[in-house]
Amino acid sequence: MDEKTIKHLIEIAKKNLERNWTGKYTKPSPQLYPHQWNWDSGFISIGYSHFNLNKARQEILSLFEAQWANGMLPHIVFNPNVSGYFPGADFWNSKLSPQAPKNIYTSGLTMPAVHSTVCLIIYKNQKNNPDKDFLKFMFEKLKKLHSFFYDYRDPNKEGLVYIRHPWESGMDNSPSWDHPLERINLTKVKIPSYKRVDNTIVSPENRPTKEDYDRYVYLVAQSKKHNYDEKLIFSESVFLIQDPLFNSILCKANEDLIEIASILKEDSSQIKEWYEQTKRSINDKLWNEEERYYTCFDLYANKQIKPGSVSGLLPIYGGIPDLKRAQLIIDKLNSPSFSNNGGETYLVPTYDMQSKEFNPVKYWRGPVWININWFLYNGLRRYNFHSQAERVLQDTFDLISRYGFYEYFNPKRNLNDFSSGAYGGNHFSWSSALFIDLFSKYLN
Ligand code: GLC
């Protein structure tokens, strides 16, 4: 990792963000994702906060314009001037819900709540010129977003929120969803007709399958049937999952919202309760004693899902495990499931490399993603696992300098064909933005 190359890559990363900037928000990637995406904008804003605070704030403001009346922040905000994306605004028809904003078209589900964390990072990156106006403007909106999760997505009032669609996790086709999704019997249910475009822009081999999409579309059709009413969807859905990463992100966001409240001298007692309860419940309910890391809980079947997802390592990002469990997570990270002692793999594959479900080229079934490396890096530093954190940094550098700012990467180092290890969209915004954050000490 030499300084000259890092600085050069930072310049390319900035250009990528420039290229994907629309004047209002930043596209995740030029062709594949032309609208505004929820957690993408969070990551993108973190990148901007190092060199353009106005854009960092604008990215978040644009996203929150589309917040629903019940507090939900939709996973896609549609740009009315762009067509040719599936699933587009017509497909979602968000106007079915009285909660949806009147003049903005959105999707009808949400994503991980990174935004309080992002707003605090923006505030801190103002350095010598601390301005509280943005935080003041955002505080109630952020609190409303957190309330949405605890009011509508925590049926047992245990501080653990569920996702009701794989797209909500941000890890669309993770093998963790396979079993719950099999409850949707494709030979028995009616799937509305639809036409994908993602697999015409990038190789279908690297994207979710037709069966995956049929089930995604089916779940959306079910929620449309209920006009996106959360309670009705809950009463009927076969896909209701409490995911460790989703809940750890919310827990960390609570921690950061408490800090924001203290900066603004606002009351944070409710947020503290959420924080404590979520932390406790992740430890009580999502820890898997056999595999010794965390895993998802399937609310429909009332049991844990087989461990395997990198999501199970990431409670360290939220400061959830005690030191003993954090050490067990490091053992798991160092095991052949997620690393290779000979250094033949890049950190961190998104699924257990020793499982039969692992696929190094298919989206969230194994490839390395830069946002996951960012969560891991921050979690490792939080627990002072500095040499592991350095490895994440080194591997992230190795991938980006070898292939460029792609969407996701093959974890295997020794591929014969050097051009075949990076997939999905190029000039990808969050790979660029989070690279800037990870290497921000090299910024001029
Ligand atoms: C895919 C990813 C999701 C991301 C979106 C836009 O759906 O799985 O995490 O937010 O693309 O980049």
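Rules used in this analysis
Residues numbered from 1 in each chain as written. Predicted model: local features only at pLDDT ≥ 70, side-chain atom pairs only at ≥ 80, totals over all residues. Heavy atoms only, no water. Salt bridge = Lys/Arg side-chain N within 4 Å of Asp/Glu carboxyl O. Helix = DSSP H or I, 4+ residues; strand = E, 2+ residues; numbered from the N terminus. Buried < 20%, exposed > 50% of the residue type's maximum accessible area, 1.4 Å probe, protein only. Near = heavy atom within 4 Å. Polar contact = N/O pair within 3.5 Å; in protein donor to acceptor, adjacent residues only side chain to side chain. Nonpolar A, V, L, I, M, F, W, Y, C, P; charged D, E, K, R; others polar. Core = buried A, V, L, I, M, F, W, Y, C linked by side-chain atoms within 4.5 Å. Axes fitted to C-alpha atoms, helices over the stretch in contact; angles between N-to-C directions. Parallel < 35°, antiparallel > 145°, perpendicular 65-115°, else oblique. Left-handed = near helix turned anticlockwise from the far one by under 90°. Contact = heavy atoms within 4.5 Å. Pairing = 2+ DSSP bridges. Disulfide = S-S within 2.5 Å.

Details of the pattern of salt bridges
Pairing is possible between side chains that carry opposite charge, provided their charged atoms lie close to one another.
Item 1. As enumerated under the stated definition, the model contains 23 salt bridges in all.
Item 2. Of the charged contacts in the structure, one is a salt bridge between glutamate 3 and lysine 7, with a shortest N-O distance of 3.3 Å. Taken together, the residues span about one helical turn, with glutamate 3 and lysine 7 both in helix α1 (residues 3-20) at a distance of 4 residues.
Item 3. By relative accessible area, which is 45% here, glutamate 3 ends up partly exposed.
Item 4. Overall, lysine 7 belongs to the partly exposed group, its relative accessible area being 30%.

Observations concerning the site of the ligand
Item 1. Neighbouring the ligand are the residues Pro28, Tyr33, Trp37, Trp39, Asp40, Met111, Gly170, Asp172, Tyr363, Trp364, Phe428 and Trp430.
Item 2. Aspartate 40 places a polar side-chain atom, nitrogen or oxygen, 2.6 Å from an oxygen atom of the ligand.
Item 3. Residue composition of the shell around the ligand, grouped by class: 9 nonpolar, 1 polar and 2 charged.

Section: the nonpolar core
Item 1. If you look at the biggest cluster of nonpolar residues, it comprises 143 residues, and the most contacted ones within it are Trp92, Ile260, Ile372, Phe375, Leu380 and Trp430.
Item 2. The greatest single-element share of this core, amounting to 11 residues, is contributed by helix α12 (residues 244-264).

Regarding the packing of helix α2 (residues 38-48) against helix α5 (residues 115-124)
Item 1. Running from N to C, α2 and α5 point in directions that differ by 15°, and their axes come no closer than 9 Å. The orientation of α2 with respect to α5, classified from their angle, is roughly parallel. By crossing handedness, the relation of α2 to α5 is classed as left-handed. Between α2 and α5, the contacting residues are Asn38, Gly42, Ser45 and Ile46 on the first element and His115, Val118, Ile121 and Ile122 on the second.
Item 2. By residue class, the composition of the contact of α2 with α5 is 4 nonpolar, 4 polar and no charged.

Some points on the sheet that holds strand β3 (residues 241-242)
Item 1. A sheet is described by the order of its strands in space; here 3 strands give the open sequence β3-β6-β7, paired in antiparallel fashion. Of all strands in the sheet, those bounded by a partner on one side alone are β3 and β7 (303-304).
Item 2. When strand β6 (residues 297-298) meets β7, the two strands line up antiparallel, connected through 2 bridges. Each residue of the ladder has a partner; that of aspartate 298, found in β7, is lysine 303.

Some words on the state of the cysteines
Item 1. Within this structure, the stated rule accounts for 0 disulfides.
Item 2. Cysteine 119 forms no disulfide, and the closest cysteine sulfur to it belongs to cysteine 251, at a distance of 18 Å.
Item 3. Given a relative accessible area of 0%, cysteine 119 falls into the buried group.
Item 4. Cysteine cysteine 251 remains unbridged, with the sulfur of cysteine 296 as its closest cysteine sulfur at 16 Å.

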